[in-house]
Amino acid sequence: MTTLFTADHEWLRIEGDVATIGVTDYAQSQLGDVVFVELPKVGRSLKKAEAAAVVESVKAASDVYAPISGEVLEVNGALAGEPALVNSDAGGKAWFFKLKIKDKSELEGLMDEAAYKTHTA
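Chemist: Even after reading the chapter, I still don't get unusual backbone geometry, so can you show me in this structure?
Modeler: Note on backbone geometry: most residues besides glycine have negative phi, and most peptide bonds are trans. One non-glycine residue, H9, lies in the positive phi region at around 70 degrees. The topology assignment puts H9 in the loop between strand 1 (2-5) and strand 2 (10-15). Judged by its relative accessible area of 19%, H9 is buried. A positive phi is found at A49, a non-glycine position, where the angle reads about 80 degrees. Relative to the helices and strands, A49 resides in the loop between strand 5 (45-46) and strand 6 (51-57).

Chemist: When you look at the pattern of salt bridges in this model, what are you seeing that I'm missing?
Modeler: Side chains that carry opposite charge are capable of pairing whenever their charged atoms lie near each other. Per the counting criterion, the structure on display carries three salt bridges. For the salt bridge of R44 with E50, the shortest nitrogen-to-oxygen distance reads 3.0 Å. On the accessibility criterion, E50 (27% relative accessible area) is partly exposed. Linking E113 and K117 is a salt bridge whose minimum nitrogen-to-oxygen distance equals 3.7 Å. On the criterion of helical spacing, the pair formed by E113 and K117 is a turn pair, its members being four residues apart in helix 4 (residues 113-120). Take E113: its relative accessible area is 47%, and that puts it in the partly exposed class.

Chemist: What's the story with the sheet that holds strand 6 in this structure? I'm lost.
Modeler: Adjacent strands of a sheet pair through backbone hydrogen bonds, lying either parallel or antiparallel. Ordered by their spatial adjacency, three strands build an open sheet running 4-6-7, and the pairing between neighbours is antiparallel. Whereas interior strands pair on both sides, the edge strands pair on one side only; in this sheet they are strand 4 (34-38) and strand 7 (61-65). Adjacent strand axes in the sheet meet at a mean angle of 25 degrees, parallel and antiparallel pairs treated alike. Relative to strand 6, strand 4 runs antiparallel, the two being bridged by four bridges. Counterpart to F36 in the pairing with strand 6 is E56.

Chemist: Just to check I follow, could you spell out the pairing of strand 2 for this structure?
Modeler: The side chains of a regular strand alternate, first on one face of the sheet and then on the other. Buried residues dominate strand 2, accounting for five of its six residues. Sheet analysis places strand 1 next to strand 2, joined by four bridges and oriented antiparallel. Each residue of the ladder has a partner; that of T2, found in strand 2, is I14. Adjacent in sequence and paired antiparallel, strand 1 and strand 2 are bridged by four residues, among which H9 carries a positive phi angle near 70 degrees.

So, how was this worked out
- Residues numbered from 1 in each chain as written.
- Predicted model: local features only at pLDDT ≥ 70, side-chain atom pairs only at ≥ 80, totals over all residues.
- Heavy atoms only, no water.
- Helix = DSSP H or I, 4+ residues; strand = E, 2+ residues; numbered from the N terminus.
- Buried < 20%, exposed > 50% of the residue type's maximum accessible area, 1.4 Å probe, protein only.
- Salt bridge = Lys/Arg side-chain N within 4 Å of Asp/Glu carboxyl O.
- Pairing = 2+ DSSP bridges.
- Axes fitted to C-alpha atoms, helices over the stretch in contact; angles between N-to-C directions.

And the structure:
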């Protein structure tokens, strides 16, 4: 299992040809208290950099972008009932959706944890 990060503060956990995607702890700290999460529909095909989900906090609404292209296999239904999970466990229980990876070469431009820490410093 590999974890990668985007400049837009999404994380991807890669297991085989499936990527689990969420927002980073840094992103949730910038958003403030999350009050609503809108997730993509299962079966939707996403292109890299396409808006895939929306996170609304008491401060603002932000798009969550697909870090890579693929088909949505599963969404985290727990976020609908408990959007505050994004604040309490951004890197774990508050994953947003799982994608079947269409093109693994798209992973090449993403950051590892050390590079992401430098990016947010």
